[in-house]
Amino acid sequence: MNRVIIAAKAFGTCGVVLGDEKLIAQARRLITHAITLRDPEGVFIENGGRDSSYNVVSILFGSILALHVPLPEFEAVLPAAVAWQLTRVLPTGKIDVKGNTRTGVGKEANAFGQAKTVNYTEVILALTYYGLVHHDQAALDAATRVFDYTRQNPKPKKGSK
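Thresholds, definitions, all that
Residues numbered from 1 in each chain as written. Predicted model: local features only at pLDDT ≥ 70, side-chain atom pairs only at ≥ 80, totals over all residues. Heavy atoms only, no water. Patch = residues over 30% accessible without salt bridge, like charges linked within 9 Å, V, L, I, M, F, W, Y side chains within 5 Å. Areas by Shrake-Rupley, 256 points an atom, 1.4 Å probe, with all protein chains shown as cover. Salt bridge = Lys/Arg side-chain N within 4 Å of Asp/Glu carboxyl O. Helix = DSSP H or I, 4+ residues; strand = E, 2+ residues; numbered from the N terminus. Buried < 20%, exposed > 50% of the residue type's maximum accessible area, 1.4 Å probe, protein only.

Would you explain a nonpolar patch on the surface in this entry?
Residues Leu67, Leu132 and Val133 make up a contiguous nonpolar surface patch of about 290 Å² in total accessible area. Summarising the element assignment, Val133 is placed in helix H5 (residues 120–134). Val133 sits in the partly exposed class, given a relative accessible area of 42%.

How should the pattern of salt bridges be read in this particular structure?
Oppositely charged side chains may form a pair once their charged atoms are brought near each other. As enumerated under the stated definition, the model contains four salt bridges in all. Here Arg50 ties to Asp39 by a salt bridge, and the two come within 2.5 Å at their closest N and O atoms. Taken together, the positions of Arg50 in the loop between helix H2 (21–35) and helix H3 (52–68) and Asp39 in the loop between H2 and H3 put the pair eleven residues apart, joining distant regions of the chain. The exposure class of Asp39 is buried, given its relative accessible area of 15%. In this structure, Arg102 and Glu46 form a salt bridge, with 2.3 Å as the shortest nitrogen-oxygen distance. Residue Arg102 is found in the loop between helix H4 (72–88) and H5, and its partner Glu46 is found in the loop between H2 and H3; the two are separated by 56 residues along the sequence. Both residues of the pair, Arg102 and Glu46, belong to the buried class.

What follows is the structure, encoded as structure tokens:
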């Protein structure tokens, strides 16, 4: 589902740069479709359920598009998706992956055959953008906790032990 929003961002931002209303219209159609791909509480679903990484990627790319293309219908659904995302940020800044459908729980491998992990950078960016645009201090505080966590717990470099 997050790829629908990533595609919308690509169409929309290219449409803005090229002055092409057809591309912008396609972005809006994709966003309208993506909004239907949420659970009853408003979380962007992935693989039939909730996933803290995929939800946040949807928030991030949709938010970036909304900086360039007015998307009031997307902006209206963001609070619920962000509210759930905030419940995934532990006091330490680590992301809670319990119940994730894909990432952080060993259910999906990356291109190197290793289990996909949480998209910490995207969590930081999504919560920061949302917090700044919507004047949401809780989102900004959570982004800071996640950032601090990643500084204290860097991912090992590929090939290192």
